[in-house]
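As a plain string of letters, each chain reads:
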Amino acid sequence: MSAAQAVTDRSPRRPCVDSGGAGRWQAGAAGIVGLIVLWWIAGALQWFHGTIPTPGAVLSTIVDTGARFYLENFSTTVELALRGFLWGNVLAIVLAVAVVLIPPIEGLATQLAIISYCVPIIAVAPIIQVAFTEVQTMIVFLAAISVFFTTMIGTLSGLRSPHQGALDLVKVYGGGRVAQLRRVRTVAALPNTLAALKIAAPAAVLGAVLGEFLAMPDQGAGPAMIVAQQRGDIPQVWAIALLSGAIAGIGYAFVALLARFATRWSTGTTVSA
C-alpha cells in the first residue's frame, strides 16, 4: 500500500448527502414558475379568444371580491368534501378488512369498487338526487364515491403485502386471521393506505364541487362558479377554480405530512422534521 493510499484510508469519510429531495423541490418550483409564465403569456396575448385571464387579473378579482365571499362559499364545500372523505374512506377500509377476514366476498367487493370508479358521477347524480331529498346528503355521497375505489384497492393491497413468514409465525403461536390482521397486516398496510388517502383528498374536493354543480345548493364553490359563468366574469371563474385546486392540494399535503411521520415505525426508519 502506498503512502497516499494509507493517508486516504485513515482520513475520516464524509457522509454522503442525498440531494434527491432538494432536487425534487427545485424541479417542482421550476415547473410552477414555468406554468405561471406560460399562463401570463396566454392571458396577455388573449389566447383562446380571451378566455384565459392573466394571473394579475385573477388576483385583482380575489382582492376586489373580498375574503368573506370565498370563506362563505368554500367553507360549505370543504365541510361537505370532508364528510364525504371520511365516509368513503371508512367504508372502503372496512370493506378491505372484511375481504381479508372473509375471502369469499372478494369478488363482490371488487366489483362494487370497480362500479363506483367506472360509472360517471354525472350519470349517478340524477339517481342519487331522487334517492336523497336533502341536497347536502347527495353531495356527500358523490364525494364519498370519488374516494371509495382508490382507498379500498390501496388498503387491500397493503393488507396483503406482509411476508408469508410473518403470517406463519403468528399462526404457529395460535393466532388466526384476526391476530394476523392486528399484529402484522395492519402495520404493513399503513404505507399503502396513506398513499391512497393522499389521492383521495383531492378526489373528495372534486366530487363535492361536481355535486354542487349538479345539486345547486344555496352556497358553495360550485354555485359560485356557475353564477360567475352566467355573468361572463371569466377572472372570477378562474379564481374559484384555482382556489378549489389549492384546497385540494392542501388536503394532499396534509395527508402526505401525516404519512411521513405515521409510517416511520412501520418501516423501521426515522424521519427528521
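Residues numbered from 1 in each chain as written. Predicted model: local features only at pLDDT ≥ 70, side-chain atom pairs only at ≥ 80, totals over all residues. Heavy atoms only, no water.

## Here's the deal with the overall build of the protein chain
Check the secondary structure of the protein chain and you find 13 helices and 0 strands. Secondary structure elements of the protein chain, listed N to C terminal, follow the sequence α-α-α-α-α-α-α-α-α-α-α-α-α. Burial status across the protein chain gives 34% buried among its 273 residues. Across the protein chain, contacts joining residues at least 24 apart in sequence account for 70% of those joining residues at least 6 apart. Summed over its atoms, the accessible surface of the protein chain is roughly 16,600 Å², and 68% of this surface lies on carbon and sulfur atoms. (Helix = DSSP H or I, 4+ residues; strand = E, 2+ residues; numbered from the N terminus. Buried < 20%, exposed > 50% of the residue type's maximum accessible area, 1.4 Å probe, protein only. Contact = heavy atoms within 4.5 Å. Areas by Shrake-Rupley, 256 points an atom, 1.4 Å probe, with all protein chains shown as cover.)

## Structural notes on the nonpolar core
With 30 residues, the main nonpolar core has Met138, Leu142 and Ile240 as its most contacted residues. Mapped by element, the contributors of at least two residues to this core are helix H2 (20–44), helix H5 (67–101), helix H7 (121–131), helix H8 (135–159), helix H10 (177–215), helix H11 (221–231) and helix H12 (234–262). No other element matches H8, which puts 6 residues into this core. In this structure, Met138 is in contact with Ala125, Ile128, Gln129, Phe132, Leu214 and Ala215, ignoring residues within four places of it in sequence. One finds Ala109, Phe148, Leu159 and Ala189 within the second-largest nonpolar core, a separate group that totals 13 residues. (Core = buried A, V, L, I, M, F, W, Y, C linked by side-chain atoms within 4.5 Å.)

## Some points on the packing of aromatic side chains
A complete count under the given rule lists 4 aromatic pairs for this structure. The interplanar angle of 20 degrees and the centroid separation of 5.6 Å between the aromatic rings of Trp39 and Trp238 together place this pair among those described as stacked. Pair noted here: Trp39 is in helix H2 and Trp238 is in helix H12, with a separation of 199 residues, a long-range link. A centroid spacing of 5.1 Å and a plane angle of 85 degrees characterise the contact between Phe69 and Tyr70, whose relative ring orientation is edge-to-face. (Phe/Tyr/Trp six-rings, centres within 6.5 Å; stacked < 30°, edge-to-face > 60°.)

## Considering the confidence of the model for the protein chain
Here the protein chain shows a mean pLDDT of 84. Residues at 70 or above account for 89%. Confidence scores differ between elements of the protein chain, with helix H1 (residues 3–10) showing the lowest mean pLDDT of 45 and H5 the highest of 94. Predicted confidence is poor over residues 1–18, with pLDDT under 50, and the contacts of this stretch with residues over four places away or in other chains come to 2 contacts. (pLDDT = per-residue confidence, 0-100.)

## A word on helix H6 (residues 106–118)
Look at H6: 18 Å from first C-alpha to last across 13 residues, which is about the 18 Å you get at 1.5 Å a residue. Taken together, the buried positions of H6 are occupied by Ala109, Ala113 and Ser116. One side of H6 carries all its buried residues, which in axial view fall inside an arc of 65 degrees. Seen from the buried face of H6, the exposed residues on the opposite side, beyond 90 degrees, are Leu108, Gln111, Ile115 and Cys118. (Expected span 1.5 Å × (residues − 1). Arc of directions from axis to C-beta.)

## Examining H7
All of the buried residues along H7 are Ile121, Val124, Ala125 and Ile128. The arc enclosing the buried residues of H7, seen along the axis, measures out at 115 degrees, which places them on a common side. Seen from the open side of H7, the exposed residues pointing more than 90 degrees away from its buried face are Ile122, Ile127 and Val130. On its buried side, H7 packs onto H8 and H10.

## Thoughts on the side chain of Thr193
Take Thr193: it is sitting in helix H10. Once residues lying within four places of it in the same chain are set aside, the contact partners of Thr193 are Ile93, Gly154 and Thr155.

## Examining unusual backbone geometry
At Gln46, a residue that is not glycine, the phi angle is positive and equals roughly 55 degrees. Note on Gln46: relative accessible area 58%, which makes it exposed.

## Examining the pattern of salt bridges
For the coordinates displayed, the defined rule picks out 3 salt bridges. Between Arg231 and Asp233 there is a salt bridge, and its shortest N-O distance comes to 3.4 Å. The exposure class assigned to Asp233 is partly exposed, which follows from its relative accessible area of 23%. (Salt bridge = Lys/Arg side-chain N within 4 Å of Asp/Glu carboxyl O.)

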